[in-house]
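One letter stands for each residue in the lines below.
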Amino acid sequence: MSDVVINSVIIVGAMGLAAAIILFMVAQKFHVVEDPRIDQVEEELPAANCGGCGYPGCRAFAEALVKTDDISDLHCPVSDKDSMEKIAAILGKEMGEMKPLVAVVRCAGSPDKSPRTNIYDGTHSCTIISSLYTGETGCPYGCLGMGECVDACNFDAIHMNADTQLPEVTDDLCTACNACVVACPRDIIELRKKNKKDRKIFVSCINEDKGGVARKNCKVACIGCGKCVKVCPYEAITLENNLAYIDPDKCRLCRKCAPECPTNAILEINFPVKKKKEATAG
Amino acid sequence: MIKTFPKGGIHPPEDKFSAGSPIQELPLPKSVIIPVCQHLGSPSEPLVKKGDRVKTGQIIAKSSGFVSTNIHSSVTGKVEKVDKFTDSTGYRRLAVSINVEKDQWEDNIDTSNTLKKQINSKAEEIIKKILDAGIVGMGGATFPSHIKLSVPKGKKVEVLIINGVECEPCLTSDHRLMLEKGEEMMVGVRLMMTALGVNRAVIGIENNKPDAISNLKTIAKDYKTIEVQVLKVKYPQGAEKQLIKSITRREVPSGKLPIEVGAVVHNVETAYAVYEAVQKNKPLIERVVTVTGKNIAKPSNFMVRTGTPVAYLIEAAGGLPEDTGKIINGGPMMGKALNSLDVPVTKGTSGILVVPQSESLRRPALNCIRCAKCVSICPMGLEPYLLRAASEHKKWDIVEEERSMDCMECGSCSYVCPSAIPLLDYIRLGKSTVSKIIRSRKQ
């Protein structure tokens, strides 16, 4: 009886030892040298795997950071400045200047501004509606309001406002990962430069129809009148296809354009209430 | 045993209210809007500008590529503008609007009603005239007909199939045309046979149109090479591949064209348009449109000039009923709802269906109960429940592997689903995404 036990212990033990030796040798032979810094860098990254950096996941981005000499163009949109600095310290490389971005919804066609002309009762999907027809409003460019951008967001930063039926971005949570921009079949969402105190000034419309047609479908549509272009002291505003666009890199938030807009299509957000003229002159 | 296609299919209520009303010529409207893209393919290039005077039948936009065709003015008058107008999808596309003054036809067009049986044209001449006349497939797909009639090298056509099935419920335009213009249509079929170089043509008609069948059978006695095939009523028998299967028992391989099995399919109304174009020099500027619906006062079949606003047609059929919920461009199965009545009738408009409020809303979708009804009725042998699930979860590789591109969007799956799941919506989404993926792969 004890023979059987001893024999089997010896046999299995010998097999295990042999296998261990083979495995050890194979591991030595085919050893892959991996930079230990990749693991360190990955540790610092948020592990959201959102793809906002342009790489498939955080590990791929960490590899890219380690391999590239000049990392000034590589940014993790989700990480804050501190963690990017830590990464730069690990790698001993120069970190580029962070240009924080934030998603901006360029449509203000709430039901009171852009009247509904029909009822859609099909599948709740912006992509499906846009492949079928123009949507519930007369505007063929505006938000369809089914919230595909909300579903796409991994950070809970975008929500539908029940009153306006438009998506709203929570600036603090938005990481500018680009997921909502890709999800929107109408290209309404844009990533724009993040300014101090989350101040924003932008044309909240992408309608390229002629003024009269656009205005008929929506009270706050850009009608392409060009008044804002004339008033801008920094040449930040361009007019193309009946639509004004404010270049976020050139705009210095002087707020001269917004009062000029006859349809209030230019939105100012998070600015203090304008003081009377005498006060600002001084 | 009456022939039909073996796989899948449904039989929705036929509701052909307008089957008994003869084709009426509709008086000209005050103005027409003629889109420059009424066909599948690239939009035609406008040849007129604001202020030009045009005659009825004058070419106003010319073919701009291989898959494209010509557009003609359907009225005599002054061009008001060449601008973007809302089309049936609600998007704004380029069109020519003309203020109607009178109805003076171009000089070389024969507007008389005399039947011209003698065929003097050769194949090339016929095909050229069809392109010049801007003829497209009038069953709804609006694919330029001259391309389908030009046989590619190395391929042989054995049979021309004429589609008089009209399987779509409610619509009766083809039915009335076969009854009233049978003689002309038959000459059109002969012309198409000459163009293709075939000596056999089969006209497929479902057995819910006995008057049209007997009419065409009588006329066909004079034509030895044309036969009339009676088919069992089943939707979607009017789809190209199903019709070929019903008549020839041959199956078009996945992703291939009917010519692979030696068949070419054309609609009856296309045959009539070919007759008008070749024998009478008349371009495609009018077509039969069914205006129907449960509460429509006078369900009618109108001979309508292209560019006529839909509102004008509904007015002629007795006006819009009060409880209207939806107005559909086409039939109830494959048609699309309109969101404006100002859109024009185009070459592909076969019917305008007015649906009452009570019938126009969808039931709320419930969960899939795996009853597999959609699988058993899919005429293409697909698995709609699977395509929908894959498409909903963005598994585009599965959507592609499960042959979503073979779906012809007949809507039978959504029709039979006991849980009212909008299967077709998701399959369409899958199809459009997969075709984008395929295109990007080719580049």
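Residues numbered from 1 in each chain as written. Chains lettered and ligands numbered in written order. Predicted model: local features only at pLDDT ≥ 70, side-chain atom pairs only at ≥ 80, totals over all residues.

**What to know about the overall build of chain B**
Scanning chain B for helices and strands turns up 14 helices and 17 strands. In terms of overall dimensions, chain B is globule-like: its C-alpha atoms have a radius of gyration of 21 Å, near the 22 Å expected for 443 residues. Every one of the 443 residues in chain B was classed for burial, and the buried ones make up 50%. (Helix = DSSP H or I, 4+ residues; strand = E, 2+ residues; numbered from the N terminus. Rg over C-alpha atoms; globule rule 2.2 N^0.38 Å. Buried ≥ 20, exposed ≤ 12 C-beta atoms within 10 Å, placed from the backbone.)

**Re the pairing of strand β12 (residues 263-267) of chain B**
Residue and element names in this part refer to chain B. Within β12, five of the five residues are buried, which leaves the element mostly enclosed by the surrounding structure. Here strand β9 (residues 159-163) runs beside β12; their pairing, made up of five bridges, is parallel. Looking at the pairing, Val159 lines up with Ala263 of β12. (Pairing = 2+ DSSP bridges.)

**A few points about the environment of Ser131 of chain A**
Take Ser131 of chain A: it is sitting in helix α5 (residues 126-132). The partly exposed category is assigned to Ser131 of chain A, around which 16 C-beta atoms lie within 10 Å. Taking C-alpha positions, Ser131 of chain A is 9.0 Å from Pro185 of chain A, a pair spaced 54 residues apart along the chain. Apart from residues lying up to four places away in sequence, Ser131 of chain A is in contact with Arg428 and Ser432 of chain B. (Contact = placed C-beta atoms within 7 Å.)

**What to know about the domain arrangement of chain B**
Residues and elements named next belong to chain B. According to the domain assignment, chain B contains domain 1 (123-280) and domain 2 (373-442). Once you take the C-alpha centre of each, domain 1 and domain 2 turn out to be 29 Å apart. With six residues of domain 1 in contact, the opposing surface of domain 2 contributes seven residues. (Domains from an automatic or database assignment.)

**Here's the deal with the confidence of the model for chain A**
When the pLDDT values of chain A are averaged, the result is 88; 97% of them are 70 or greater. For the stretch residues 278-282 of chain A, pLDDT sits under 50, and the model shows one contact to residues farther than four places along the chain or on other chains. (pLDDT = per-residue confidence, 0-100.)

**Comments concerning the interface of chain B and chain A**
On the side of chain A, 14 residues touch chain B, which itself brings 14 residues to the contact. The leading source of residues in the side of chain B that touches chain A is helix α14 (residues 423-442) of chain B, at five residues. Here the residues of the side of chain B that touches chain A are counted per class, giving five nonpolar, four polar and five charged. (Nonpolar A, V, L, I, M, F, W, Y, C, P; charged D, E, K, R; others polar.)

**Quick notes on the domain arrangement of chain A**
Residues and elements named next belong to chain A. Domain boundaries assigned for chain A yield domain 1 (38-91) and domain 2 (101-280). On a C-alpha basis, the centres of domain 1 and domain 2 stand 31 Å from each other. On the side of domain 2, seven residues touch domain 1, which itself brings six residues to the contact. Across the side of domain 1 that touches domain 2, the residue classes tally to four nonpolar, two polar and no charged.

**Section: the nonpolar core**
Nonpolar side chains tend to gather and get buried jointly when the protein is soluble and globular. Membership of the largest hydrophobic core comes to 83 residues, with the highest contact counts inside it found for Ala103, Val203, Cys205 and Cys222 of chain A together with Leu423 of chain B. Apart from residues lying up to four places away in sequence, Ala103 of chain A is in contact with Ile158, Val169, Cys174, Ala176, Cys180, Val181, Ile189 and Leu191 of chain A. Core analysis: the next-biggest nonpolar cluster, separate from the first, contains 82 residues, Val136, Leu160, Leu243 and Tyr275 of chain B among them. (Core = buried A, V, L, I, M, F, W, Y, C linked by C-beta atoms within 7 Å.)

**Remarks on helix α5 (residues 210-220) of chain B**
Residues and elements named next belong to chain B. For α5, every residue scored as buried is listed here: Ala212, Ile213 and Leu216. End-on view of α5: buried residues confined to an arc of 100°, all on one side of the axis. Away from its buried face by more than 90 degrees, α5 exposes Pro210, Asp211, Ser214 and Thr218. As for α5, its buried residues are in contact with α3 (173-180), α4 (182-196), β10 (201-206) and β11 (226-231). (Arc of directions from axis to C-beta.)

**So, the packing of α4 of chain B against α5 of chain B**
How two helices pack is summed up by the angle between their axes together with the distance between the axes. Residue and element names in this part refer to chain B. Interaxial distance between α4 and α5 falls to 10 Å at its minimum, and their mutual angle equals 55°. Considered as vectors, α4 and α5 are oriented oblique to each other. Like other packed secondary-structure pairs, α4 and α5 cross with a definite hand, here right-handed. Residues Gly182, Glu183 and Met186 of α4 lie in contact with α5, whose contacting residues are Asn215, Leu216, Ile219 and Ala220. Within the contact of α4 with α5, the residues separate by chemical class into four nonpolar, two polar and one charged. (Axes fitted to C-alpha atoms, helices over the stretch in contact; angles between N-to-C directions. Parallel < 35°, antiparallel > 145°, perpendicular 65-115°, else oblique. Left-handed = near helix turned anticlockwise from the far one by under 90°.)

**Re the sheet that holds β10 of chain B**
Residues and elements named next belong to chain B. Taking strand neighbours across the sheet as the criterion, the four strands line up as β11-β10-β9-β12 in an open arrangement whose pairing is parallel. Each end of this open sheet is capped by a strand with a single partner; those strands are β11 and β12. This sheet shows a mean twist of 25° between the axes of neighbouring strands, independent of strand direction. Summarising the sheet, β9 and β10 pair through four bridges and their orientation is parallel. Of the residues in β10, the one forming a bridge with Asn163 is Gly204. Taken strand by strand, α4 contacts β9, β10, β11 and β12, and its axis lies near 145° from that of β9. Strands β9 and β12 of the sheet are contacted by helix α7 (residues 268-280), whose axis makes an angle of about 80° with β12.

**Re α4 of chain B**
Note: α-helices contain 3.6 residues per turn, so residues at a spacing of three or four share the same orientation. All names here are of chain B. Over its 15 residues, α4 extends 21 Å from the first C-alpha to the last, a length consistent with the 21 Å expected when each residue adds 1.5 Å. In terms of burial, α4 is a largely internal element, 12 of the 15 residues being buried. Within α4, burial applies to Glu184, Met185, Met186, Val187, Gly188, Val189, Arg190, Leu191, Met192, Met193, Ala195 and Leu196. Looking at the residues trailing α4, positive phi occurs at Gly197, about 75°. (Expected span 1.5 Å × (residues − 1).)

**Examining the sheet that holds strand β5 (residues 59-62) of chain B**
Residue and element names in this part refer to chain B. Read from one edge to the other, the open sheet built from three strands follows the order β3-β5-β6, with strand pairing classed as antiparallel. Since the sheet does not close on itself, it has two edges, and those belong to β3 (45-46) and β6 (71-72), each with one partner. Sheet analysis places β3 next to β5, joined by two bridges and oriented antiparallel. Directly across from Glu45, in β5, lies its bridge partner Lys62.

**Looking at unusual backbone geometry**
Residues and elements named next belong to chain B. Each neighbour pair has its own omega, and for Tyr235 with Pro236 the value is -5°, a cis peptide bond. Mapping Pro236 onto the fold places it in the loop between β11 and α6 (240-248). For Asp15, which is not glycine, the phi torsion reads 50° and is therefore positive. By the secondary structure assignment, Asp15 is in the segment before β1 (23-25). Asp15 sits in the partly exposed class, given 17 other C-beta atoms within 10 Å.

**Points about the pairing of strand β3 (residues 166-169) of chain A**
Residues and elements named next belong to chain A. By the bridge criterion, four bridges tie strand β2 (residues 158-161) to β3 in an arrangement that is antiparallel. Paired with Asn161 across the two strands is Leu166, which belongs to β3. Counted along the chain from β2 to the antiparallel partner β3, the turn is four residues long, and its residue Gln165 has a positive phi close to 55°.

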